[in-house]
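# Structural overview
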Amino acid sequence: MSRSISILGATGSVGTSTLDLIRRDAKDWRVVALTANCNVAELAALAKEFRAEIAVVADESCLNDLRAALDGSGIEAAGGKRALCEAAARPVDITVAAIVGCAGLGPVMAAIEQGGTIALANKEALVSAGEVMTAAVAKHGAMLLPVDSEHNAIFQCLEGGRIEDVRWITLTASGGPLRTVEDLSAVTPEQAVAHPNWDMGAKISVDSATMFNKGLELIEAHHLFPVGLDRIRIVVHPQSVIHSMVEYRDGSTLAQLGPSDMRVPIASCLAWPQRMDTPCEPLDLPAIGELGFFQPDEQRFPATRLAREAAEAGGAAPAVLNAANEVAVAAFLDRKIPFSRISLLVERVLTEGNLPDAPRSLDEVLMVDDASRKRATEMLELA
Ligand SMILES: NC(=O)C1=CN([C@@H]2O[C@H](COP(=O)(O)OP(=O)(O)OC[C@H]3O[C@@H](n4cnc5c(N)ncnc54)[C@H](OP(=O)(O)O)[C@@H]3O)[C@@H](O)[C@H]2O)C=CC1
Ligand SMILES: CC(=O)[C@@H](O)[C@H](O)COP(=O)(O)O
Ligand SMILES: [Mn+2]
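Here the structure is a predicted model, which is why all the values come from computation and not from measurement.

## Focus on the site of ligand 1
Every one of the 28 residues lining ligand 1 counts as a neighbour, but Gly 12, Asn 39, Ala 103, Met 200 and Gly 201 are closest to it. Among the secondary structure elements, those contributing two or more residues to the shell around ligand 1 are α1 (13-24), α6 (123-129) and α10 (202-210). For the shell around ligand 1, the leading source of residues is α1, giving three residues. Residues belonging to the shell around ligand 1 are distributed by class as follows: 14 nonpolar, ten polar and four charged. When we break the shell around ligand 1 down by domain, the ones giving at least three residues each are domain 1 (3-146) and domain 2 (148-258 + 285-302).

## Points about helix α4 (residues 81-88)
Considered for burial, the residues of α4 that qualify are Ala 83, Leu 84, Cys 85, Ala 87 and Ala 88. Each element contacted by the buried residues of α4 is listed here: β1 (3-8), β2 (29-36), β3 (54-57), β4 (76-79), β5 (94-97) and α5 (105-113).

## So, the UniProt feature "binding site: Mn(2+)" (unreviewed entry) in the chain
Look at the UniProt record and you will see "binding site: Mn(2+)" (unreviewed entry) annotated at Asp 148, Glu 150 and Glu 217. Taken together, the annotated residues stretch across 70 residues yet fold into one region, lying no more than 8.4 Å apart by C-alpha. Along the chain, Asp 148 falls in the loop between β7 (143-146) and α8 (149-158). For Asp 148, a count of 27 C-beta atoms within 10 Å translates into the label buried. With residues near it in sequence (within four places) discarded, Asp 148 still touches Ala 121, Lys 123, Glu 217 and Glu 220. The topology assignment puts Glu 217 in helix α11 (residues 212-224). Residues in contact with Glu 217, not counting those within four places in the same chain, are Lys 123, Asp 148, Glu 150 and Leu 171.

So, how was this worked out
Residues numbered from 1 in each chain as written. Chains lettered and ligands numbered in written order. Predicted model: local features only at pLDDT ≥ 70, side-chain atom pairs only at ≥ 80, totals over all residues. Near = placed C-beta within 6 Å. Helix = DSSP H or I, 4+ residues; strand = E, 2+ residues; numbered from the N terminus. Nonpolar A, V, L, I, M, F, W, Y, C, P; charged D, E, K, R; others polar. Domains from an automatic or database assignment. Buried ≥ 20, exposed ≤ 12 C-beta atoms within 10 Å, placed from the backbone. Contact = placed C-beta atoms within 7 Å. UniProt positions renumbered as here; feature names shortened; annotations may be inferred.

Encoded structure:
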(Lines give C-alpha, C1' and ligand atoms only; values in the text may rest on other atoms or scores of the structure.)
(Ligands and ions follow the chains in the order given, each with its own letter.)
Protein backbone atom coordinates (compact mmCIF):
# COMPACT_ATOMS: atom_id res chain seq x y z
CA MET A 1 0.00 0.00 0.00
CA SER A 2 1.36 3.46 -0.87
CA ARG A 3 2.07 6.16 1.73
CA SER A 4 1.10 9.79 1.26
CA ILE A 5 3.59 12.64 1.53
CA SER A 6 3.69 16.43 1.26
CA ILE A 7 6.95 18.30 0.76
CA LEU A 8 7.09 21.93 1.87
CA GLY A 9 10.05 23.54 0.10
CA ALA A 10 10.08 20.88 -2.63
CA THR A 11 12.35 22.87 -4.97
CA GLY A 12 15.18 23.32 -2.45
CA SER A 13 18.16 21.21 -1.51
CA VAL A 14 16.36 19.06 1.10
CA GLY A 15 13.17 19.00 -0.99
CA THR A 16 14.88 17.66 -4.10
CA SER A 17 16.92 15.14 -2.09
CA THR A 18 13.63 13.86 -0.67
CA LEU A 19 12.09 13.62 -4.12
CA ASP A 20 15.16 11.78 -5.35
CA LEU A 21 14.42 9.04 -2.80
CA ILE A 22 10.71 9.01 -3.62
CA ARG A 23 11.50 8.76 -7.35
CA ARG A 24 13.32 5.47 -6.74
CA ASP A 25 10.25 3.91 -5.09
CA ALA A 26 7.55 5.93 -6.82
CA LYS A 27 4.91 3.19 -6.57
CA ASP A 28 5.23 3.26 -2.76
CA TRP A 29 4.30 6.94 -2.52
CA ARG A 30 1.35 9.22 -3.23
CA VAL A 31 2.42 12.86 -3.40
CA VAL A 32 -0.18 15.27 -2.06
CA ALA A 33 1.28 18.80 -1.82
CA LEU A 34 4.50 20.23 -3.24
CA THR A 35 5.38 23.83 -2.43
CA ALA A 36 7.93 26.50 -3.35
CA ASN A 37 8.32 30.23 -2.94
CA CYS A 38 8.31 31.33 -6.59
CA ASN A 39 10.36 28.78 -8.56
CA VAL A 40 7.43 28.04 -10.85
CA ALA A 41 9.24 26.11 -13.59
CA GLU A 42 10.84 23.65 -11.17
CA LEU A 43 7.72 23.29 -9.02
CA ALA A 44 5.46 22.63 -12.02
CA ALA A 45 7.90 20.08 -13.43
CA LEU A 46 8.08 18.23 -10.10
CA ALA A 47 4.32 18.38 -9.59
CA LYS A 48 3.78 16.81 -13.02
CA GLU A 49 6.48 14.18 -12.60
CA PHE A 50 5.17 13.08 -9.19
CA ARG A 51 1.48 13.66 -10.10
CA ALA A 52 0.95 15.80 -7.02
CA GLU A 53 -2.59 16.72 -5.97
CA ILE A 54 -1.67 20.37 -5.44
CA ALA A 55 1.26 22.71 -6.09
CA VAL A 56 1.55 25.91 -4.09
CA VAL A 57 3.70 29.02 -4.45
CA ALA A 58 4.06 31.06 -1.26
CA ASP A 59 4.56 34.22 -3.30
CA GLU A 60 1.07 34.95 -4.60
CA SER A 61 2.41 37.08 -7.46
CA CYS A 62 3.72 33.84 -9.02
CA LEU A 63 0.34 32.08 -9.03
CA ASN A 64 -0.71 33.07 -12.55
CA ASP A 65 2.53 31.63 -13.93
CA LEU A 66 1.99 28.43 -11.93
CA ARG A 67 -1.58 28.12 -13.24
CA ALA A 68 -0.30 28.51 -16.79
CA ALA A 69 2.46 25.96 -16.24
CA LEU A 70 -0.01 23.40 -14.82
CA ASP A 71 -2.80 24.08 -17.32
CA GLY A 72 -4.38 20.84 -18.50
CA SER A 73 -2.45 18.70 -16.03
CA GLY A 74 -5.33 18.24 -13.56
CA ILE A 75 -3.06 19.43 -10.73
CA GLU A 76 -4.49 22.14 -8.49
CA ALA A 77 -2.50 25.37 -8.31
CA ALA A 78 -2.60 27.73 -5.34
CA GLY A 79 -0.67 30.74 -4.07
CA GLY A 80 -0.08 32.81 -0.94
CA LYS A 81 0.67 32.15 2.71
CA ARG A 82 -2.83 31.04 3.60
CA ALA A 83 -2.94 28.57 0.68
CA LEU A 84 0.43 27.24 1.81
CA CYS A 85 -0.93 26.53 5.30
CA GLU A 86 -4.11 24.99 3.88
CA ALA A 87 -2.07 22.66 1.68
CA ALA A 88 0.16 21.76 4.65
CA ALA A 89 -2.98 20.87 6.63
CA ARG A 90 -4.10 18.22 4.11
CA PRO A 91 -3.86 14.87 5.90
CA VAL A 92 -0.81 12.82 4.88
CA ASP A 93 1.28 10.03 6.36
CA ILE A 94 4.36 12.27 6.47
CA THR A 95 5.15 15.94 5.82
CA VAL A 96 8.70 16.95 4.98
CA ALA A 97 9.20 20.49 6.30
CA ALA A 98 12.01 21.89 4.14
CA ILE A 99 11.18 25.56 3.71
CA VAL A 100 14.10 27.79 4.69
CA GLY A 101 13.61 30.28 7.51
CA CYS A 102 10.79 31.31 9.79
CA ALA A 103 8.61 31.52 6.64
CA GLY A 104 8.11 27.78 7.17
CA LEU A 105 6.64 28.14 10.66
CA GLY A 106 2.97 28.67 9.71
CA PRO A 107 2.83 25.61 7.42
CA VAL A 108 4.70 23.42 9.95
CA MET A 109 2.23 24.41 12.66
CA ALA A 110 -0.66 23.65 10.27
CA ALA A 111 0.73 20.13 9.77
CA ILE A 112 1.28 19.71 13.52
CA GLU A 113 -2.34 20.73 14.20
CA GLN A 114 -3.46 17.78 12.05
CA GLY A 115 -1.59 15.46 14.43
CA GLY A 116 0.70 14.39 11.61
CA THR A 117 4.23 13.05 11.40
CA ILE A 118 6.59 15.82 10.40
CA ALA A 119 10.12 15.21 9.16
CA LEU A 120 11.58 18.54 10.23
CA ALA A 121 14.49 20.11 8.37
CA ASN A 122 13.26 23.70 8.86
CA LYS A 123 15.19 24.37 12.10
CA GLU A 124 14.39 28.11 12.11
CA ALA A 125 10.71 27.27 12.70
CA LEU A 126 11.48 25.27 15.85
CA VAL A 127 14.08 27.77 17.07
CA SER A 128 11.60 30.65 16.72
CA ALA A 129 8.52 28.91 18.12
CA GLY A 130 10.24 26.73 20.75
CA GLU A 131 7.75 25.74 23.43
CA VAL A 132 4.82 26.98 21.33
CA MET A 133 5.68 24.27 18.80
CA THR A 134 6.54 21.51 21.28
CA ALA A 135 3.30 22.20 23.18
CA ALA A 136 1.32 21.97 19.92
CA VAL A 137 3.05 18.67 19.10
CA ALA A 138 2.00 17.27 22.49
CA LYS A 139 -1.54 18.69 22.29
CA HIS A 140 -2.28 17.32 18.82
CA GLY A 141 -0.43 14.02 19.16
CA ALA A 142 1.93 14.94 16.32
CA MET A 143 5.40 13.51 15.88
CA LEU A 144 8.59 15.39 14.93
CA LEU A 145 11.27 13.31 13.21
CA PRO A 146 14.51 15.30 12.92
CA VAL A 147 15.95 15.55 9.41
CA ASP A 148 18.84 17.84 10.39
CA SER A 149 21.82 15.47 10.20
CA GLU A 150 23.03 16.08 13.77
CA HIS A 151 19.59 15.73 15.32
CA ASN A 152 18.80 12.72 13.22
CA ALA A 153 22.06 11.21 14.51
CA ILE A 154 21.10 11.96 18.12
CA PHE A 155 17.59 10.59 17.55
CA GLN A 156 19.12 7.35 16.28
CA CYS A 157 21.58 7.18 19.20
CA LEU A 158 18.72 7.66 21.67
CA GLU A 159 16.61 4.83 20.27
CA GLY A 160 16.53 2.09 22.86
CA GLY A 161 18.05 4.46 25.46
CA ARG A 162 16.46 6.57 28.19
CA ILE A 163 16.81 10.35 28.14
CA GLU A 164 17.35 10.28 31.95
CA ASP A 165 20.51 8.21 31.38
CA VAL A 166 22.14 10.76 29.04
CA ARG A 167 25.26 12.47 30.37
CA TRP A 168 26.15 14.49 27.25
CA ILE A 169 24.80 15.21 23.83
CA THR A 170 27.66 16.23 21.55
CA LEU A 171 26.73 18.16 18.44
CA THR A 172 29.46 17.94 15.85
CA ALA A 173 30.25 21.02 13.73
CA SER A 174 32.36 21.01 10.58
CA GLY A 175 33.60 24.51 11.41
CA GLY A 176 32.50 25.62 7.94
CA PRO A 177 34.55 26.92 5.00
CA LEU A 178 36.20 29.72 7.00
CA ARG A 179 37.49 27.70 9.94
CA THR A 180 41.09 28.19 8.91
CA VAL A 181 40.71 31.52 7.05
CA GLU A 182 42.59 34.14 9.05
CA ASP A 183 41.06 37.39 7.79
CA LEU A 184 37.27 37.24 8.05
CA SER A 185 36.78 40.90 7.08
CA ALA A 186 37.05 40.35 3.32
CA VAL A 187 35.04 37.12 2.99
CA THR A 188 32.78 37.06 -0.08
CA PRO A 189 29.39 35.33 -0.36
CA GLU A 190 31.01 32.87 -2.80
CA GLN A 191 33.60 31.87 -0.17
CA ALA A 192 30.99 31.66 2.58
CA VAL A 193 28.63 29.34 0.70
CA ALA A 194 31.41 26.94 -0.34
CA HIS A 195 30.86 24.38 2.40
CA PRO A 196 33.70 21.85 2.61
CA ASN A 197 31.45 18.79 3.02
CA TRP A 198 27.78 19.48 2.25
CA ASP A 199 25.91 20.79 -0.78
CA MET A 200 23.14 22.95 0.71
CA GLY A 201 21.04 26.06 0.11
CA ALA A 202 22.70 29.49 0.40
CA LYS A 203 21.23 30.52 3.75
CA ILE A 204 22.24 27.44 5.73
CA SER A 205 25.65 27.49 4.02
CA VAL A 206 26.29 31.03 5.31
CA ASP A 207 25.03 29.88 8.72
CA SER A 208 27.63 27.12 8.68
CA ALA A 209 30.32 29.67 7.86
CA THR A 210 29.34 31.96 10.78
CA MET A 211 28.60 28.97 13.08
CA PHE A 212 25.04 30.30 13.50
CA ASN A 213 23.98 26.97 12.04
CA LYS A 214 25.44 25.26 15.09
CA GLY A 215 23.90 27.91 17.34
CA LEU A 216 20.47 27.26 15.83
CA GLU A 217 21.12 23.52 16.14
CA LEU A 218 21.94 23.92 19.83
CA ILE A 219 18.52 25.50 20.40
CA GLU A 220 16.91 22.89 18.12
CA ALA A 221 18.51 20.08 20.16
CA HIS A 222 17.40 21.71 23.42
CA HIS A 223 13.76 21.47 22.26
CA LEU A 224 13.96 18.02 20.68
CA PHE A 225 15.98 16.28 23.41
CA PRO A 226 15.18 17.65 26.87
CA VAL A 227 18.42 16.81 28.70
CA GLY A 228 19.09 20.42 29.80
CA LEU A 229 21.16 23.00 27.93
CA ASP A 230 24.18 22.40 30.16
CA ARG A 231 24.38 18.82 28.85
CA ILE A 232 24.57 19.80 25.18
CA ARG A 233 28.03 20.66 23.90
CA ILE A 234 29.56 21.42 20.53
CA VAL A 235 32.72 19.84 19.13
CA VAL A 236 34.32 20.88 15.85
CA HIS A 237 34.87 17.83 13.65
CA PRO A 238 35.99 19.05 10.20
CA GLN A 239 35.33 15.80 8.29
CA SER A 240 31.54 15.64 9.05
CA VAL A 241 31.73 11.85 9.31
CA ILE A 242 30.38 11.58 12.85
CA HIS A 243 27.08 13.45 12.71
CA SER A 244 26.65 13.68 16.49
CA MET A 245 26.99 11.58 19.65
CA VAL A 246 25.22 10.63 22.86
CA GLU A 247 27.17 9.73 25.98
CA TYR A 248 25.28 7.72 28.59
CA ARG A 249 25.95 7.76 32.34
CA ASP A 250 27.77 4.43 32.23
CA GLY A 251 30.45 6.00 30.00
CA SER A 252 29.22 4.53 26.71
CA THR A 253 29.21 6.97 23.82
CA LEU A 254 27.03 6.13 20.81
CA ALA A 255 27.70 7.93 17.55
CA GLN A 256 26.03 7.90 14.14
CA LEU A 257 28.37 7.99 11.15
CA GLY A 258 27.61 8.32 7.48
CA PRO A 259 28.48 10.04 4.23
CA SER A 260 27.78 13.79 3.96
CA ASP A 261 24.61 13.16 2.01
CA MET A 262 21.26 14.39 3.31
CA ARG A 263 19.51 11.45 1.67
CA VAL A 264 20.72 9.33 4.63
CA PRO A 265 18.90 11.25 7.41
CA ILE A 266 15.94 11.93 5.11
CA ALA A 267 15.62 8.20 4.39
CA SER A 268 15.84 7.44 8.09
CA CYS A 269 12.79 9.69 8.63
CA LEU A 270 10.84 8.45 5.61
CA ALA A 271 11.23 4.80 6.63
CA TRP A 272 11.16 5.23 10.42
CA PRO A 273 10.97 3.03 12.43
CA GLN A 274 12.15 0.76 9.64
CA ARG A 275 15.00 1.28 7.14
CA MET A 276 15.05 1.80 3.40
CA ASP A 277 17.66 1.56 0.67
CA THR A 278 19.47 4.69 -0.51
CA PRO A 279 21.92 5.16 -3.40
CA CYS A 280 24.41 6.89 -1.04
CA GLU A 281 28.08 5.98 -1.16
CA PRO A 282 29.03 3.73 1.77
CA LEU A 283 31.58 5.12 4.23
CA ASP A 284 35.15 4.26 3.29
CA LEU A 285 36.93 4.78 6.61
CA PRO A 286 40.45 3.78 5.45
CA ALA A 287 40.11 6.34 2.62
CA ILE A 288 39.05 9.00 5.15
CA GLY A 289 42.03 8.05 7.30
CA GLU A 290 41.77 10.34 10.31
CA LEU A 291 39.04 12.12 12.20
CA GLY A 292 39.79 15.41 13.99
CA PHE A 293 38.10 17.08 16.97
CA PHE A 294 38.57 20.66 18.26
CA GLN A 295 37.00 23.10 20.68
CA PRO A 296 34.90 25.79 18.93
CA ASP A 297 36.64 29.19 18.70
CA GLU A 298 33.99 31.57 20.05
CA GLN A 299 36.30 34.59 19.78
CA ARG A 300 36.33 34.34 16.00
CA PHE A 301 32.84 32.84 15.65
CA PRO A 302 30.63 34.23 18.47
CA ALA A 303 27.41 32.72 17.09
CA THR A 304 27.36 29.66 19.36
CA ARG A 305 27.83 31.86 22.45
CA LEU A 306 24.99 34.14 21.30
CA ALA A 307 22.71 31.18 20.66
CA ARG A 308 23.49 29.60 24.03
CA GLU A 309 22.77 32.93 25.77
CA ALA A 310 19.50 33.26 23.84
CA ALA A 311 18.49 29.71 24.76
CA GLU A 312 19.32 30.38 28.41
CA ALA A 313 17.32 33.62 28.35
CA GLY A 314 14.42 31.73 26.71
CA GLY A 315 11.14 33.50 25.96
CA ALA A 316 11.41 35.64 22.83
CA ALA A 317 15.21 35.63 22.65
CA PRO A 318 15.67 32.67 20.24
CA ALA A 319 13.05 34.10 17.83
CA VAL A 320 14.80 37.49 17.97
CA LEU A 321 18.18 35.86 17.32
CA ASN A 322 16.81 33.89 14.39
CA ALA A 323 15.04 36.85 12.78
CA ALA A 324 18.10 39.11 13.11
CA ASN A 325 20.29 36.39 11.64
CA GLU A 326 17.94 35.90 8.66
CA VAL A 327 18.04 39.65 7.93
CA ALA A 328 21.83 39.77 8.32
CA VAL A 329 22.45 36.73 6.10
CA ALA A 330 20.21 38.15 3.36
CA ALA A 331 22.08 41.49 3.56
CA PHE A 332 25.44 39.70 3.39
CA LEU A 333 24.35 37.63 0.38
CA ASP A 334 23.19 40.91 -1.26
CA ARG A 335 26.71 42.31 -0.57
CA LYS A 336 25.24 45.05 1.63
CA ILE A 337 27.23 44.15 4.76
CA PRO A 338 30.55 42.41 5.37
CA PHE A 339 30.64 38.88 6.76
CA SER A 340 31.85 40.00 10.20
CA ARG A 341 28.77 42.20 10.68
CA ILE A 342 26.38 39.25 10.71
CA SER A 343 27.09 38.24 14.30
CA LEU A 344 27.56 41.89 15.37
CA LEU A 345 24.09 42.75 14.10
CA VAL A 346 22.52 39.74 15.82
CA GLU A 347 24.20 40.67 19.10
CA ARG A 348 23.02 44.29 18.84
CA VAL A 349 19.41 43.31 18.11
CA LEU A 350 19.47 40.92 21.08
CA THR A 351 21.11 43.24 23.59
CA GLU A 352 20.06 46.82 22.71
CA GLY A 353 16.62 47.61 24.10
CA ASN A 354 14.15 45.35 25.82
CA LEU A 355 13.33 41.89 24.55
CA PRO A 356 9.66 41.36 23.64
CA ASP A 357 7.51 39.32 26.04
CA ALA A 358 7.69 35.55 25.70
CA PRO A 359 5.36 34.52 22.85
CA ARG A 360 2.56 32.14 23.86
CA SER A 361 0.96 31.44 20.49
CA LEU A 362 1.86 31.14 16.82
CA ASP A 363 0.58 34.68 16.17
CA GLU A 364 2.77 36.04 18.98
CA VAL A 365 5.85 34.24 17.62
CA LEU A 366 5.15 35.73 14.18
CA MET A 367 4.80 39.19 15.76
CA VAL A 368 8.17 38.82 17.51
CA ASP A 369 9.71 37.62 14.25
CA ASP A 370 8.27 40.56 12.31
CA ALA A 371 9.27 43.19 14.89
CA SER A 372 12.80 41.76 15.15
CA ARG A 373 13.22 41.84 11.36
CA LYS A 374 12.16 45.48 11.32
CA ARG A 375 14.57 46.30 14.13
CA ALA A 376 17.45 44.49 12.44
CA THR A 377 16.69 46.23 9.13
CA GLU A 378 16.61 49.65 10.86
CA MET A 379 19.95 48.96 12.51
CA LEU A 380 21.40 47.99 9.13
CA GLU A 381 20.11 51.16 7.53
CA LEU A 382 21.29 53.42 10.38
CA ALA A 383 24.82 52.07 10.42
N1 LIG B 1 20.31 21.71 2.70
C2 LIG B 1 20.65 20.89 3.65
O3 LIG B 1 21.45 19.98 3.44
C4 LIG B 1 20.07 21.05 5.03
C5 LIG B 1 19.07 21.96 5.28
N6 LIG B 1 18.51 22.06 6.53
C7 LIG B 1 17.45 23.01 6.75
O8 LIG B 1 16.40 22.73 5.83
C9 LIG B 1 15.74 23.94 5.43
C10 LIG B 1 15.83 24.03 3.91
O11 LIG B 1 17.18 24.19 3.54
P12 LIG B 1 17.65 24.07 2.02
O13 LIG B 1 16.93 22.94 1.37
O14 LIG B 1 19.12 24.10 2.05
O15 LIG B 1 17.12 25.47 1.42
P16 LIG B 1 16.97 25.90 -0.10
O17 LIG B 1 17.26 27.35 -0.14
O18 LIG B 1 17.73 25.00 -0.98
O19 LIG B 1 15.42 25.65 -0.39
C20 LIG B 1 14.45 26.38 0.29
C21 LIG B 1 13.05 25.98 -0.12
O22 LIG B 1 12.12 26.83 0.56
C23 LIG B 1 11.36 27.59 -0.40
N24 LIG B 1 11.17 28.93 0.14
C25 LIG B 1 12.10 29.91 0.23
N26 LIG B 1 11.58 31.02 0.78
C27 LIG B 1 10.28 30.73 1.05
C28 LIG B 1 9.20 31.46 1.59
N29 LIG B 1 9.34 32.74 1.99
N30 LIG B 1 8.01 30.85 1.74
C31 LIG B 1 7.84 29.56 1.34
N32 LIG B 1 8.82 28.81 0.78
C33 LIG B 1 10.03 29.39 0.64
C34 LIG B 1 12.19 27.58 -1.67
O35 LIG B 1 11.38 27.82 -2.81
P36 LIG B 1 11.98 28.51 -4.16
O37 LIG B 1 12.80 27.41 -4.82
O38 LIG B 1 10.80 28.93 -4.93
O39 LIG B 1 12.83 29.65 -3.70
C40 LIG B 1 12.75 26.17 -1.60
O41 LIG B 1 11.78 25.24 -2.00
C42 LIG B 1 16.49 25.07 6.16
O43 LIG B 1 15.79 25.37 7.33
C44 LIG B 1 17.83 24.47 6.51
O45 LIG B 1 18.40 25.04 7.66
C46 LIG B 1 18.94 21.28 7.56
C47 LIG B 1 19.96 20.38 7.37
C48 LIG B 1 20.61 20.20 6.10
C1 LIG C 1 23.78 18.65 6.73
C2 LIG C 1 23.45 19.40 7.93
O3 LIG C 1 22.78 18.92 8.81
C4 LIG C 1 23.99 20.75 8.07
O5 LIG C 1 23.39 21.42 9.17
C6 LIG C 1 25.45 20.58 8.24
O7 LIG C 1 25.67 19.88 9.41
C8 LIG C 1 26.15 21.88 8.26
O9 LIG C 1 27.41 21.70 8.75
P10 LIG C 1 28.11 22.57 9.87
O11 LIG C 1 27.16 23.61 10.39
O12 LIG C 1 28.52 21.59 10.90
O13 LIG C 1 29.22 23.18 9.09
MN1 LIG D 1 22.79 20.16 10.57
